[in-house]
Amino acid sequence: MKISVLGLGYIGLPTALLFAASGHEVVGVDIDKRKVELLNSGKLPFQEPGLEELFEKAKNNFRVSTEVEESDVFLIAVPTPLDFHTKAADLKYVKSAAEMIWSHLRKDNLVILESTVPPKTTERLLIPILEKSGLKAGIDFYLVHCPERAIPGKTIHEMVHNDRIIGGITPESAQRAKELYSSFVKGEIYLTDATTAEFVKLIENTYRDVNIALVNELAKIAEEYGINIWEAIELANKHPRVNFHKPGPGVGGHCIAIDPWFVIQDSSEGKIIALARHVNDTMPNYTLRKVREMLNGIKNPTITVFGVAYKGNVDDARETPALRFIKLAENEGFNIKVYDPIVKDFEYPILSLEDAVKNSDCIVVITDHDVFKFLDPNEIGKFMRNRCVFDARNILDHEKWKKAGFRVRVLGDGKNNI
Ligand code: SAJ
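What you see is a predicted model; the values in this text were computed from it and never measured.

For residues besides glycine, phi is generally negative; the peptide bonds are generally trans as well. The backbone of Lys87 sits at a positive phi, close to 55°, despite the residue not being glycine. The phi torsion at Asp108 lies on the positive side, around 75°, for a residue other than glycine. Here Asp108 shows up in the loop between helix 4 (92-101) and strand 7 (110-113).

Enumeration over the complete set of coordinates arrives at 10 aromatic pairs. Ring centres of Phe19 and Phe184 lie 5.0 Å apart, and the angle between their planes is 80°; this geometry places the pair in the edge-to-face category. Remark: Phe184 occurs in the loop between helix 7 (171-181) and strand 10 (189-193) and Phe19 occurs in helix 1 (residues 12-21); sequence separation between them is 165 residues. Taken individually, Phe19 and Phe184 each receive the classification buried, so the pair is uniform in this respect. Through a chain of ring-to-ring contacts, three or more aromatic side chains come together here, namely Phe19, Tyr181 and Phe184.

A regular strand places its side chains on the two faces of the sheet in alternate fashion. Because side chains alternate across strand 8 (residues 142-145), one face comprises the buried residues Tyr142 and Val144, and the other comprises Leu143 and His145, equally buried. Two strands pair when backbone bridges link them, and strand 7 and strand 8 are joined in this way by 4 bridges, in the parallel orientation. When the bridges of strand 8 are listed, Val111 appears paired with Leu143. Between strand 7 and its parallel partner strand 8, the chain crosses via helix 5 (residues 121-130), and the hand of that crossover is right-handed. As paired strands, strand 8 and strand 9 (residues 164-168) are joined by 2 bridges and run antiparallel to one another. Paired with Val144 across the two strands is Gly168, which belongs to strand 9.

To continue, consider the site of the ligand. Near the ligand you find 21 residues, and of these Lys201, Asn205, Arg208, Lys246 and Tyr310 are the closest. Here an oxygen atom of the ligand sits 2.5 Å away from a polar atom, N or O, in the side chain of Arg208. One nitrogen or oxygen atom from the main chain of Lys246 is found 2.8 Å from an oxygen atom belonging to the ligand. Across the complex, the protein chains shield 87% of the 770 Å² of accessible surface that the ligand would expose by itself. Grouping the constituent residues of the shell around the ligand by class yields 8 nonpolar, 4 polar and 9 charged.

Conventions and cut-offs
Residues numbered from 1 in each chain as written. Predicted model: local features only at pLDDT ≥ 70, side-chain atom pairs only at ≥ 80, totals over all residues. Heavy atoms only, no water. Helix = DSSP H or I, 4+ residues; strand = E, 2+ residues; numbered from the N terminus. Phe/Tyr/Trp six-rings, centres within 6.5 Å; stacked < 30°, edge-to-face > 60°. Buried < 20%, exposed > 50% of the residue type's maximum accessible area, 1.4 Å probe, protein only. Pairing = 2+ DSSP bridges. Right-handed = clockwise from strand over helix to strand, strands pointing away. Near = heavy atom within 4 Å. Polar contact = N/O pair within 3.5 Å; in protein donor to acceptor, adjacent residues only side chain to side chain. Areas by Shrake-Rupley, 256 points an atom, 1.4 Å probe, with all protein chains shown as cover. Nonpolar A, V, L, I, M, F, W, Y, C, P; charged D, E, K, R; others polar.

Here's what the structure looks like:
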């Protein structure tokens, strides 16, 4: 088939390459000219394990353009950011993608929406725009919502091996899309209607956000009782049907922190979901409060933030809780320095390790990058004015840091904090 993929981001590009590598003729379409030129010169706009090899394998069937062409299949994988004022999805990119497609729509075409959207978007937003072609959705052309579940850092593997949900506006639409995705999906492909598929994607991430909020709240309560939450959840998870998530300094990323809002934006029933978002969004405040307690009495304190990516071992700082932590700390008069060996661009200068810890009073681990586990506290301590470390992700070897003369505190540990 000839497939046009609109949106060559973390999801669209790997998806386009997987279709091309499985033998389809794929045209990648993006409005970002820089990205189009980069790809046409054979370079990738971002890193992801296996993406180079896939790009190589796909290149005879893959080309990039800023214009949509007639195709058998149109796949929309554009961003759907949250409008922070209205706490509702900003669907302008989905709208403009549909506006780019309808004039090229032909009988028997298949349109796939992969972007994460509020329930009913496929029906209420896409159908009217696509039917400007004079063709009837579900009769003259097929239309589905097919959400992705890939996690950054394992995107290609998960796109191939995860089970997939496809929701069609008609059963025939869902069946057509299943045949197409079978080109590279090795997981099971389950069919349903479009609105259910939209809802399923959102509740997967809402499940995660609410469970992270639960364990963040329990971390604060555990501290009040002088309990170490990390010990408590490790023991609770020994139960065959209990599986607590991990507490942390906040929830970031363009998925878990956003999708729950899409579920409740058109409903008056979202109480627990909204509260969970509030608990997670105030974890940077809680983290700062614990750090402030540690630094009590130190004049004009300097904090070194270890990690600004929204989660460990990725270079993506979108919606990172680190930014909220840094701005709150600055508002309270702390000097802030940033060290993150993986993130390339960030709102604040990312310093070398030595410059970031020089004359600092406290290291605060915000992102669980594995590399932090192998740093030498003796080396680091030599550069610091005071030797404090607040481990908000419980990833460091605390005995090693204590032996190097550090005061160590861990988020949620009311038992071992000195
Ligand atoms: N986090 C915690 N505690 C935890 C797990 C995560 O504080 O126990 C934090 C992370 O530090 C991070 C945020 O939550 O700031 C999100 O982390 P994540 O591991 O959920 O990573 P995402 O957002 O990249 O991936 C999620 C995945 N969804 C689920 O696991 C249900 C992925 O499968 C989705 O495809 C992705 O969202 C998405 O694109 O929707």
